[in-house]
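Listed here are the chains, written in short residue letters.
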Amino acid sequence: MKLRVLGCHGGELPTCKSTCFLVDDVLALDAGALTGTLSLDELCRVDHVLVGHSHFDHVKDLPLMADLVIGRRDKPVTIHASRECAKALRENMFNNALWPDFTRIPTKANPVLRIQTFRAGGTFQVGPYTVRSVPVSHPVESCGFIISNGKSTLAMSGDTGPTDKLWKALNETKNLKALLLETSFPNALQSLADISGHLTPHTLGLELKKFERNGASVMLYHLKPAFVAQLKKELASMPVEVLELNDVFEF
């Protein structure tokens, strides 16, 4: 399983890109940095986008992607979203007001995008990957994911504050190679992190005590651009890796 880091921040500046990972060139995890990172040919090879929740920084490139790949693919790009997230995308993004409804363009039978819903907490198939979704703690319905190709398993926390279901699911998972785990704010902004459903280095340390790592790497993402330097200082002594743009891993 090949993982490419297209975006690993909780927002954007010229040196930061919103959350987006690419698995084996065909499966995107969130859509915060698809069109600003991939070439047109690479973008056309993405068959599936797995969306953890509906917040803008995680879905913002879906409209632009649809506009770019129209007429260049034989089948729709499938967006996999929880029921609440899918509802938000249909009502607030692809609503013919903010953006054309590319789930019906060029035709309802053969659209550019197809939104496939899943039940938060359910397990489903995405191409060759088996995906287990795990509800996590965030102001809107948000899911982490455990993704397996039958040989290797990768997990992603999604946006979350302190949680329990994710750690229980991870501790039950065999052959877990890596966990992509959010950490957003420095310790001085703990109250803001708590209100907004995110982790700080302090709560990260407490959460990791729940995790039976068994050799799995813990890779951090979603650092807020304004606080990257401070976060790296606070994380320096912890057994984790802070992801950087353009990192590539093989699991």
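Let us look at the structure shown here. Bear in mind the structure is a predicted one, so any value in this text is a computation, not a measurement.

1. A closer look at the overall build of the protein
Across its full length, the protein carries eight helices and 14 strands. Along the longest, intermediate and shortest principal axes, the C-alpha atoms of the protein span 55 × 35 × 30 Å. Residues classed as buried in the protein amount to 55% of the 251 residues present. Within the protein, contacts between residues at least 6 apart in sequence are counted, and of these 58% link residues at least 24 apart. Surface exposure of the protein reaches about 10,800 Å², of which carbon and sulfur atoms provide 51%.

2. As for the environment of I70
Position of I70 relative to the elements: it lies in the loop between α3 (62-69) and β5 (77-82). As a C-alpha pair, I70 and A109 span 39 residues in sequence and 14 Å in three-dimensional space. Sequence-distant contacts of I70, that is, excluding residues within four places in its chain, are made with F102, I105, P106 and V112.

3. Points about the sheet that holds strand β12 (residues 217-221)
In space, the seven strands of this open sheet follow the order β7-β8-β9-β10-β11-β12-β13, with mixed pairing throughout. Whereas interior strands pair on both sides, the edge strands pair on one side only; in this sheet they are β7 (123-126) and β13 (241-242). Sheet analysis places β7 next to strand β8 (residues 129-135), joined by four bridges and oriented antiparallel. Pairing of F124 across the sheet is with V131, part of β8.

4. Some points on the pairing of strand β9 (residues 143-148)
In terms of burial, β9 is a largely internal element, six of the six residues being buried. Judged from the six bridges that link them, β8 and β9 form a sheet pairing that is antiparallel. Residue pairing across strands places V131 opposite I147, the latter belonging to β9. Relative to strand β10 (residues 153-156), β9 runs antiparallel, the two being bridged by four bridges. Opposite I147, over in β10, you have L154 as the bridge partner.

5. Some thoughts on unusual backbone geometry
In this structure, P106 follows I105 across a cis peptide bond, with omega equal to 5 degrees. Tracing the backbone shows P106 in the loop between α4 (83-92) and β6 (113-118). With phi around 70 degrees, D25 is a residue other than glycine that occupies positive phi space. Turning to its location among the elements, D25 is positioned in the loop between β2 (20-23) and β3 (27-29). Classification of D25 as partly exposed rests on a relative accessible area of 31%. Of note in the backbone geometry, N96 takes a positive phi value of approximately 65 degrees without being a glycine.

The rules behind each value
- Residues numbered from 1 in each chain as written.
- Predicted model: local features only at pLDDT ≥ 70, side-chain atom pairs only at ≥ 80, totals over all residues.
- Heavy atoms only, no water.
- Helix = DSSP H or I, 4+ residues; strand = E, 2+ residues; numbered from the N terminus.
- Buried < 20%, exposed > 50% of the residue type's maximum accessible area, 1.4 Å probe, protein only.
- Contact = heavy atoms within 4.5 Å.
- Areas by Shrake-Rupley, 256 points an atom, 1.4 Å probe, with all protein chains shown as cover.
- Pairing = 2+ DSSP bridges.

None of the figures reported here should be taken as evidence of function without further support.
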